[in-house]
Amino acid sequence: MSVEIDNLPGFHIRRLQQIAVAVFLEETQATGITPVQYAALYAVGREPGIDQRTLARTIGFDTSTIGSVIDRLESRGLMQRNAHPEDRRVRLLTLTPEGQRVLEEVEPGMLRAQERMLEPLAPEQRKVFMDMLRTLVRGNNALSRAPSEPLDGRAARRAR
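*Asks:* It is not clear to me how the layout of surface pockets should be interpreted in this structure. Could you clarify?
*Replies:* Left-over empty space is what a probe sized like a water molecule reveals as it rolls over the atoms. Of the voids in this model, the largest pocket is the one considered here, and its volume is about 2,500 Å³. Among the elements that line the lining of the largest pocket, the one with the most residues is helix α1 (residues 9-27), at 11 residues. The residue makeup of the lining of the largest pocket, split by class, is 30 nonpolar, 9 polar and 7 charged.

*Asks:* Please clarify how the pattern of salt bridges should be interpreted in this entry.
*Replies:* Oppositely charged side chains may form a pair once their charged atoms are brought near each other. One pass over the full model with this rule turns up 10 salt bridges. Two residues, Glu27 and Arg116, come together in a salt bridge whose shortest N-O distance is 2.9 Å. Of this pair, Glu27 sits in helix α1 while Arg116 sits in helix α5 (residues 97-118), and the two are 89 residues apart along the sequence. The class for Glu27 is buried, based on a relative accessible area of 19%. If you follow the salt bridges from partner to partner, you end up with Glu26, Glu27, Arg112 and Arg116 in one network.

*Asks:* Looking at this structure, I do not really get α5. What am I missing?
*Replies:* One turn of the α-helix equals 3.6 residues, which is why residues spaced by three or four share an orientation. For α5, which comprises 22 residues, the first-to-last C-alpha distance of 32 Å matches the rise-based estimate of 32 Å (1.5 Å per residue) to within 8%. Its maximal kink placed at Glu107, α5 deviates by approximately 35°, while the proline Pro108 follows within four residues. Looking only at α5, the buried set comprises Gly99, Val102, Leu103, Val106, Gly109, Met110, Ala113 and Leu118. Buried residues along α5 sit against α1, α2 (35-46), β3 (91-95) and α6 (123-140).

*Asks:* What exactly am I supposed to notice about the side chain of Glu27 here?
*Replies:* Side-chain polar atoms of Glu27 contact the side chain of Arg112, separated by 2.7 Å. Excluding its chain neighbours within four sequence positions, the residues that come into contact with Glu27 are Gly109, Arg112, Ala113 and Arg116.

*Asks:* Explain the pairing of β3 here, please?
*Replies:* Side chains on a regular strand alternate between the two faces of the sheet. Within β3, 4 of the 5 residues are buried, which leaves the element mostly enclosed by the surrounding structure. Where strand β1 (residues 50-51) lies against β3, 2 bridges are found, and the strand directions are antiparallel. Note on β3: the bridge partner recorded for Ile50 is Leu93. Two strands pair when backbone bridges link them, and strand β2 (residues 79-83) and β3 are joined in this way by 5 bridges, in the antiparallel orientation. Bridging from a neighbouring strand, Gln80 pairs with Thr94 of β3.

Cut-offs used in this document
Residues numbered from 1 in each chain as written. Predicted model: local features only at pLDDT ≥ 70, side-chain atom pairs only at ≥ 80, totals over all residues. Heavy atoms only, no water. 1 Å grid on protein atoms, 1.4 Å probe; cavity = no way out; pocket = protein on both sides within 12 Å on 5 of 7 lines; lining within 4 Å. Points joined across faces, edges and corners; volume = space filled by probe spheres on them. Helix = DSSP H or I, 4+ residues; strand = E, 2+ residues; numbered from the N terminus. Nonpolar A, V, L, I, M, F, W, Y, C, P; charged D, E, K, R; others polar. Salt bridge = Lys/Arg side-chain N within 4 Å of Asp/Glu carboxyl O. Buried < 20%, exposed > 50% of the residue type's maximum accessible area, 1.4 Å probe, protein only. Expected span 1.5 Å × (residues − 1). Bend = angle between axes of the 7 residues up to and from the residue. Contact = heavy atoms within 4.5 Å. Polar contact = N/O pair within 3.5 Å; in protein donor to acceptor, adjacent residues only side chain to side chain. Pairing = 2+ DSSP bridges.

So, in structure tokens, the structure goes:
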């Protein structure tokens, strides 16, 4: 073999994602919220009434499986689906009061997880690392099976 796995960025990105999930779950275990569920709660909390497809694009999640994430959150009483007043096929999402409470409860653990993930880096390296991550994600977004489109990006396009 001519390739050393330790020299492959994909290998390290996959490992870092595994580590990120493990640390997140450890820090937030009392809430039983996964990273994807947190992202969904956060996005819906930020834009109440967002539809499922837009939510999927916002958090970079596959539209065919976002329904199961919402199903779990809805069954826990954290999120609710409401029919769109003009298109009964579209489901608009809102947090329940319990969903808002859980979102607020999970935040300190989520922030601790982020700190722990960056802990091996010197403080001056953290900003550079985050800038590089954003550059890689934005530059490769179109290659994803579930490209993301941040809420701010949609608002900027609608304003044009």
